[in-house]
Amino acid sequence: QVQLVESGGGLVQPGGSLRLSCAASGNIISIRTMGWYRQSPGKQRELVATIPSGGRTIYADSVKGRFIISRESAENTAYLQMNSLKPEDTAVYYCSAQISRITPSVFVTYWGQGTQVTVSS
């Protein structure tokens, strides 16, 4: 079984910063791409940023220049450094990871339970 556990959410004032963490645990052979998504009330879940095991990171236009995604592959952990936060960044942030558990070439996408980020004065 695989678990993704997010942490680091909370309440922050506009212009502030938060750092989210996502730790994957369980019977893991390898992790391909890890990513962060977010969902606001009444809206669809949207991509924030993704980072492959080797390759270029991808960011949503709305967070470019403000958010930085990184990962520690040895620890199966991904991070999202969020700077210059805006009220429109308020959402539940979800971590995802493409993980192989049994067959090295077969990857399944797993999701965390989500962490709330609220940007408000």
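Residues numbered from 1 in each chain as written. Predicted model: local features only at pLDDT ≥ 70, side-chain atom pairs only at ≥ 80, totals over all residues. Heavy atoms only, no water.

K.L.:
Lay out the pairing of strand 9 (residues 91-100) in plain terms, naming residues and giving numbers.
P.N.:
Taken across its 10 residues, strand 9 has 8 buried, putting it largely inside the fold. In terms of strand pairing, strand 4 (residues 30-39) meets strand 9 through 8 bridges, oriented antiparallel. In the sheet register, Q39 faces strand 9, and the bridge partner there is V92. Relative to strand 11 (residues 115-119), strand 9 runs antiparallel, the two sharing 3 bridges. Of the residues in strand 11, the one forming a bridge with A91 is V117. Looking at chain direction, strand 9 and strand 10 (residues 108-111) are connected through 4 bridges and run antiparallel. Each residue of the ladder has a partner; that of I99, found in strand 10, is V108. (Buried < 20%, exposed > 50% of the residue type's maximum accessible area, 1.4 Å probe, protein only. Helix = DSSP H or I, 4+ residues; strand = E, 2+ residues; numbered from the N terminus. Pairing = 2+ DSSP bridges.)

K.L.:
Can you lay out the nonpolar core for me, pointing to particular residues and giving the numbers?
P.N.:
Judged by nonpolar contacts, the single largest core of 31 residues is most densely connected at W36, L80, M82, Y93 and I99. Breaking this core down by element, the ones donating at least two residues are strand 1 (2-7), strand 3 (18-26), strand 4, strand 5 (46-51), strand 7 (67-72), strand 8 (77-82), strand 9 and strand 11. Setting aside residues no more than four positions away along its own chain, I99 makes contact with V2, L4, A24, I28, S30, I31, V106, F107, V108 and Y110. (Core = buried A, V, L, I, M, F, W, Y, C linked by side-chain atoms within 4.5 Å. Contact = heavy atoms within 4.5 Å.)

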